[in-house]
Amino acid sequence: MEGLASSRIIPIQAACKRHYSSFLPTFSFQLRKNTKRVQVWMMKRPNSFDSITASVQPLQASTTGQFDNKQPSKEVLELWRSADAVCFDVDSTVCVDEGIDELAEFCGAGKAVAEWTARAMGGSVPFEEALAARLSLFKPSLAQVQDFLEKRPPRLSPGIDELVKKLRARNTDVYLISGGFRQMINPVASILGIPQENIFANQLLFGSSGEFLGFDPNEPTSRSGGKATAVQHIRKVQGYKVLVMIGDGATDLEARKPGGADMFICYAGVELREAVAAKANWLVFNFKDVINALD
């Protein structure tokens, strides 16, 4: 948990004397010390939190015969059915898009940012380096983020709504753990009925005129290994017996560490990252597979 107690901003431009943060109400990491006061205001709430269920078809397992973990073992099935908490990645898992890529495209820098995202998700560069580099390419203002949220509702992956409902009906707690931004993830959580306090994500920071300043490095998911830190914290505080992580990237795989997730399910229905998929306990291409396995 070291490194979470300081309070500073990762700037993309020259640092300002006062920093402002704009976001919907979110969970605060308990071990953070507020060493500096930061003025906070509410981000304008989009007129609708309606989602769009993606019409794209999940990738088919038949195209990837080299993997031997597409069929779950008895042990994996037992862990899945006994899970009392499931943590989901958001981009390319709960949603079909990579949020930062979509925001960058909206702001006119989609291609360059998407290339950085691919490198970050493949694990070839430190996450914090990739995050700072991507944001520096387009530096979104508060007005642009608000406009994006109004015009681009979340596109949910097929079956995720049913899966979350089924987990909640089984009294399984659901969390969203993302390297994306709270401003864009809060609407997704609202759609799926996931409490705000069950979100671990990054925070965009803006100045008094709405100009982009950077991101908050105190969020555990702002750096490599951050998802593992978040999962370990969740498990320690809540005392879960079996915790499962579901995602598509290298940062999701990292959550399967001592004191963290008991197993990692790689969801490749949007993007297949072979190096990650090969190390998963279970590789799925459709959420129907994990839904049916709960019965």
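All values derive from a computational prediction rather than experimental measurement.

## Digging into the overall build of the protein
In step 1: Tallying secondary structure elements over the protein gives 11 helices and 13 strands in all.
In step 2: Within the span of the protein, comprising 295 residues, buried residues form 53% of the whole.
In step 3: Pairs at least 24 residues apart make up 69% of the contacts formed inside the protein by residues separated by at least 6 positions.
In step 4: When the accessible surface of the protein is split by element, carbon and sulfur atoms take 48% of a total near 13,200 Å².

## Section: the UniProt feature "active site" (unreviewed entry) in the protein
In step 1: UniProt's feature table lists "active site" (unreviewed entry) at Asp89 and Asp91, given in the numbering used throughout.
In step 2: Structurally, the position occupied by Asp89 is in the loop between strand S5 (85–88) and helix H2 (99–106).
In step 3: Using a relative accessible area of 4% as the deciding quantity, one classes Asp89 as buried.
In step 4: Not counting residues within four places of it along the chain, the set of residues in contact with Asp89 comprises Val94, Ile177, Lys227, Met245, Ile246, Gly247, Asp248 and Asp252.
In step 5: Separated by 2.9 Å, the side chains of Asp89 and Lys227 make a polar contact.
In step 6: In this view, Asp91 contacts Asp97, Glu98, Gly99, Ser178, Gly180 and Asp248; residues no more than four positions away in its chain are not counted.

## Re the sheet that holds strand S7 (residues 173–181)
In step 1: Spatially, S8-S7-S5-S11-S12-S13 is the arrangement adopted by the six strands of the open sheet, whose pairing is parallel. Each of the sheet's edge strands pairs with one partner strand only, and the pair in question is strand S8 (199–202) and strand S13 (282–284). Ignoring which end each strand starts from, the neighbouring axes of this sheet average 15 degrees apart.
In step 2: For strand S12 (residues 263–267) and S13, the ladder comprises three bridges, and the chain directions are parallel. Bridge pairing links Cys266 to Leu283 in S13.
In step 3: Along the sheet face, helix H1 (residues 74–82) touches S5, strand S11 (243–247), S12 and S13 and points at about 95 degrees away from the line of S12.
In step 4: Seen against the sheet, helix H6 (residues 160–169) touches S5 and S7 and runs at an angle of roughly 155 degrees to S5.

## Quick notes on helix H8 (residues 226–238)
In step 1: Over its 13 residues, H8 runs 18 Å from end to end, which matches the ideal 18 Å to within 8%, given 1.5 Å per residue.
In step 2: Those residues of H8 lying buried are Gly226, Lys227, Ala228, Ala230, Val231, His233, Ile234 and Arg235.
In step 3: Those residues of H8 hidden inside the fold are in contact with S5, S7, S8, S11 and helix H9 (250–253).
In step 4: Phi turns positive, to about 70 degrees, at Gly239, one or two residues after H8.

## Topic: helix H7 (residues 182–192)
In step 1: Within H7, nine of the 11 residues are buried, leaving the element largely enclosed by the surrounding structure.
In step 2: With its phi angle positive at about 75 degrees, Gly193 sits one or two positions after the end of H7.

## Examining the packing of H2 against helix H5 (residues 142–151)
In step 1: Two numbers describe how H2 lies on H5: the axes approach to 10 Å, and their chain directions differ by 105 degrees. The angle between the axes of H2 and H5 places the two elements in the roughly perpendicular class. Mapping the contact onto sequence places Glu102, Leu103 and Phe106 in H2 and Gln144, Val145, Asp147, Phe148 and Lys151 in H5.
In step 2: Looking at the contact of H2 with H5 residue by residue, the classes come out as four nonpolar, one polar and three charged.

## Focus: unusual backbone geometry
In step 1: Phi at Ser92 takes a positive value of approximately 65 degrees, unusual for a residue other than glycine.
In step 2: Structurally, the position occupied by Ser92 is in the loop between S5 and H2.
In step 3: Unusually for a residue other than glycine, Asn171 sits at a positive phi of about 65 degrees.
In step 4: Looking at the element boundaries, Asn171 is found in the loop between H6 and S7.
In step 5: Taking the relative accessible area as the measure of exposure, Asn171 reaches 67% and is therefore exposed.

Rules used throughout
Residues numbered from 1 in each chain as written. Predicted model: local features only at pLDDT ≥ 70, side-chain atom pairs only at ≥ 80, totals over all residues. Heavy atoms only, no water. Helix = DSSP H or I, 4+ residues; strand = E, 2+ residues; numbered from the N terminus. Buried < 20%, exposed > 50% of the residue type's maximum accessible area, 1.4 Å probe, protein only. Contact = heavy atoms within 4.5 Å. Areas by Shrake-Rupley, 256 points an atom, 1.4 Å probe, with all protein chains shown as cover. UniProt positions renumbered as here; feature names shortened; annotations may be inferred. Polar contact = N/O pair within 3.5 Å; in protein donor to acceptor, adjacent residues only side chain to side chain. Pairing = 2+ DSSP bridges. Axes fitted to C-alpha atoms, helices over the stretch in contact; angles between N-to-C directions. Expected span 1.5 Å × (residues − 1). Parallel < 35°, antiparallel > 145°, perpendicular 65-115°, else oblique. Nonpolar A, V, L, I, M, F, W, Y, C, P; charged D, E, K, R; others polar.

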